[in-house]
Amino acid sequence: MNNQILQLYAFLQASRGNWRNAIWIECKFCLYKNQQCDEYLLAADRNGAPLVFSVEQFRRLTGDTPVKDECIAVLSEQAFEELYSSWLLWHIDWLKDCRLRQLAQGKEPAL
Ligand SMILES: [Zn+2]
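Note that this is a predicted model, so its numbers are computed, not measured.

Visitor: Looking at this model, I keep getting lost on the sheet that holds strand β1 (residues 23–26). Mind explaining?
Guide: Strand pairing in a sheet is mediated by backbone hydrogen bonds. Such pairs are either parallel or antiparallel. Across the sheet, four strands lie side by side as β3-β2-β1-β4; this open sheet has mixed pairing. Each edge of the open sheet is held by one strand with a lone partner, namely β3 (50–54) and β4 (73–76). In this sheet, adjacent strand axes meet at a mean angle of 30° when their direction is disregarded. Across four bridges, β1 lies against β4 in parallel orientation. From the neighbouring strand, W24 faces β4, where its bridge partner is V74. Against the sheet, helix α1 (residues 3–14) contacts β2 (39–44) and β3, and its axis sits at roughly 120° relative to β3. Running over the sheet, helix α2 (residues 55–62) touches β1, β2 and β3 and is turned about 70° from β3.

See the structure below:
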């Protein structure tokens, strides 16, 4: 099955089928300025690990349009990195690309 569909399923399961139960994350000042970054939706899986989904990708796959002000909270990219700093340290390649973008693309944990 398509990886995007599996990720979407996991995200919807974690957010109880509704993007309004997710946290909106803005990557306005992405550290990787050479790439245009996105806005993201964050939910936590049953182990507390972050499940990140690109808002644009969500729109494309579902036809639904998440609205920032209707999400349960809004975080900056910096706040997300503080919140998950220990987890990110072990699961994401810090030098490669935006952490949110890596998570949204469903990269395997780099253990
Ligand atoms: Zn970014």
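Visitor: In this structure, what is going on with the layout of surface pockets? I would like to understand it.
Guide: Over the atoms rolls a probe the size of a water molecule, and in doing so it shows where empty space is left. What the second largest pocket holds in volume is close to 180 Å³. What lines the second largest pocket is Y9, A10, Q13, A14, D45, R46, N47 and L51. Counted by class, the lining of the second largest pocket contains four nonpolar, two polar and two charged residues.

Visitor: So what exactly am I meant to see when it comes to the side chain of Q57 here?
Guide: Along the chain, Q57 turns up in helix α2. What makes Q57 buried here is its relative accessible area of 8%. Once residues lying within four places of it in the same chain are set aside, the contact partners of Q57 are Q4 and A104.

Visitor: Can you help me understand the pairing of β3 in this one?
Guide: Buried residues dominate β3, accounting for five of its five residues. Residues P50, V52 and S54 line one face of β3 and the alternating positions L51 and F53 line the opposite face, and both faces are buried. Sheet topology note: the β2/β3 ladder contains five bridges and is antiparallel. Within β3, the residue paired with A44 across the bridge is P50. Counting the residues between successive antiparallel strands, the hairpin from β2 to β3 contains five residues, one of them, G48, with a positive phi of roughly 90°.

Visitor: I would appreciate a short explanation of the coordination of the zinc ion in the present structure.
Guide: For a metal with four donors in a tetrahedral arrangement, the ideal angle between donors is 109.5 degrees, while six donors in an octahedron ideally sit at 90 or 180 degrees. Coordination of the zinc ion by the protein is provided by C27 (SG), C30 (SG), C37 (SG) and C98 (SG), with metal-donor distances spanning 2.2 to 2.4 Å. With four donor atoms in place around the zinc ion and angles of 107 to 113° between them, the coordination shape is tetrahedral. Taken in sequence order, the residues that donate to the zinc ion follow the motif C-x2-C-x6-C-x60-C.

Conventions and cut-offs
- Residues numbered from 1 in each chain as written.
- Predicted model: local features only at pLDDT ≥ 70, side-chain atom pairs only at ≥ 80, totals over all residues.
- Heavy atoms only, no water.
- Pairing = 2+ DSSP bridges.
- Helix = DSSP H or I, 4+ residues; strand = E, 2+ residues; numbered from the N terminus.
- Axes fitted to C-alpha atoms, helices over the stretch in contact; angles between N-to-C directions.
- Contact = heavy atoms within 4.5 Å.
- 1 Å grid on protein atoms, 1.4 Å probe; cavity = no way out; pocket = protein on both sides within 12 Å on 5 of 7 lines; lining within 4 Å.
- Points joined across faces, edges and corners; volume = space filled by probe spheres on them.
- Nonpolar A, V, L, I, M, F, W, Y, C, P; charged D, E, K, R; others polar.
- Buried < 20%, exposed > 50% of the residue type's maximum accessible area, 1.4 Å probe, protein only.
- Donors = N, O, S within 2.8 Å, 3.2 Å for Na, K, Ca; no water.
- Tetrahedral: all angles 85-135°; square planar, octahedral: opposite > 155°, others 65-115°.

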